[in-house]
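Residue strings, one per chain:
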Amino acid sequence: MTRASDTQGPARDRTRDGAVLSKEGLPGWLDPVVRAVETVRPTQLSRFLPPADGAGRQSAVLILFGDGKREGEGAEGPGRGPELLLMERAGSLRSHPGQPAFPGGALDPEDGDPLGDGPLRAALREAEEETGLDPAGVQLFGVLPKLYIPVSGFVVTPVLAWWREPTPVGVVDPAETARVFTVPVADLTDPANRVTTIHPSGHQGPAFLVESALVWGFTAGIIDRLLHFAGWERPWDRDKQVPLDWRA
């Protein structure tokens, strides 16, 4: 199988502050995602883009793809196939309480330049704080354009990564995280698990019914676009609707 690093530009791009994006050694099944990340435009991801005046709180999320192998399994052993790491935010949080989401959060000053590799550091730092993963086993390979979440005022940089060496994950701080879980990509592409959410405001968006959770909002929108531009999307019934509570 062709490796992404064999078909896509330079294998390694080191930013001036030392953080690294690398496509070297990625599994072949990530090739379509790598191509999508390199070609997608902001308006193809969302109609909500960062304010032109620079307003908004800079933040980052980690979109972490794993092979789906479990500890102790052989290289050809059973598994659920490629998967994504998600978490469920604590219900007591002020921003997006109770929602399934990618690990992530606002940039801290020590993360560095928001226009440089600050989002890379922030994505890894927040993921470690929220899920307990070991960043040493995570290989960053791409960054999507910055997007905007109007309801909370966050300017979000999605950072994509491969879980090269998976480590145990779980809730680190119950005040921030209710649970940590992985979702097979096969479940995300299954038409039976796809719905359209209807917010009381009238806004409609893609969503996923997976792992006893309704994944919706910003996170579902990014997953939906990645599946589409990676060529993994399967036809699904967009008229299958799930209403959201007014507090959502």
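Refer to the structure presented above.
Residues numbered from 1 in each chain as written. Predicted model: local features only at pLDDT ≥ 70, side-chain atom pairs only at ≥ 80, totals over all residues. Heavy atoms only, no water.

Q: Requested: an account of the overall build of the protein chain, with residues and values cited.
A: Scanning the protein chain for helices and strands turns up six helices and 14 strands. Within the protein chain, the proportion of its 248 residues that are buried is 47%. Nonlocal contacts in the protein chain, meaning residues at least 24 apart in sequence, comprise 65% of its contacts between residues at least 6 apart. (Helix = DSSP H or I, 4+ residues; strand = E, 2+ residues; numbered from the N terminus. Buried < 20%, exposed > 50% of the residue type's maximum accessible area, 1.4 Å probe, protein only. Contact = heavy atoms within 4.5 Å.)

Q: Any chance you could break down the nonpolar core for me, citing the residues and the numbers?
A: Within the largest apolar cluster, 36 residues are counted, with the highest numbers of intra-cluster contacts made by I63, F65, F141, L144 and L160. Top element by residues in this core is helix 6 (residues 217–229). It accounts for five residues. Not counting residues up to four positions away in its chain, the partners in contact with L160 are V33, V37, I63, F65, Q139, L140, F141, G142, L144 and L226. (Core = buried A, V, L, I, M, F, W, Y, C linked by side-chain atoms within 4.5 Å.)

Q: Give me the side chain of R225: which residues, what numbers.
A: Counting through the fold element by element, R225 comes out in helix 6. Residues in contact with R225, not counting those within four places in the same chain, are Q44 and L45.

Q: Please set out unusual backbone geometry residue by residue, giving values where relevant.
A: Backbone geometry places E211, a non-glycine residue, at a positive phi of 50°. Even without being glycine, S212 reaches a positive phi, approximately 60°. Here S212 lies in the loop between strand 12 (204–210) and strand 13 (213–215).

Q: Tell me what's going on with the pattern of salt bridges, and back it up with residues and numbers.
A: Scanning the entire structure with this criterion turns up 14 salt bridges. Between D224 and R225 there is a salt bridge, with the nearest N and O atoms lying 2.9 Å from each other. No difference in accessibility class separates D224 from R225, as the two residues are buried. (Salt bridge = Lys/Arg side-chain N within 4 Å of Asp/Glu carboxyl O.)

Q: Break down helix 6 for me, citing the residues and quoting the values.
A: The end-to-end C-alpha separation of helix 6 is 18 Å, in line with the 18 Å expected for 13 residues at 1.5 Å each. The complete set of buried residues in helix 6 reads T219, A220, G221, I222, I223, D224, R225, L226 and L227. Within two residues after helix 6, G231 carries a phi angle of roughly 80°, on the positive side. (Expected span 1.5 Å × (residues − 1).)

Q: Any chance you could break down the sheet that holds strand 14 (residues 241–243) for me, citing the residues and the numbers?
A: Two strands in a sheet stick together by hydrogen bonds in their backbones, pointing the same way (parallel) or opposite ways (antiparallel). Spatially, 13-12-11-14 is the arrangement adopted by the four strands of the open sheet, whose pairing is mixed. The open sheet has two edge strands, strand 13 and strand 14, and neither has a second partner. Strand-to-strand, the axes of this sheet are offset by a mean angle of 40°, without reference to chain direction. Both strand 11 (residues 194–198) and strand 14 contribute to a ladder of three bridges, which runs parallel. Within the sheet, the bridge partner assigned to T197 lies in strand 14 and is V242. Where helix 6 meets the sheet, it contacts strand 11, strand 12 and strand 13, and its direction lies at approximately 85° from that of strand 12. (Pairing = 2+ DSSP bridges. Axes fitted to C-alpha atoms, helices over the stretch in contact; angles between N-to-C directions.)

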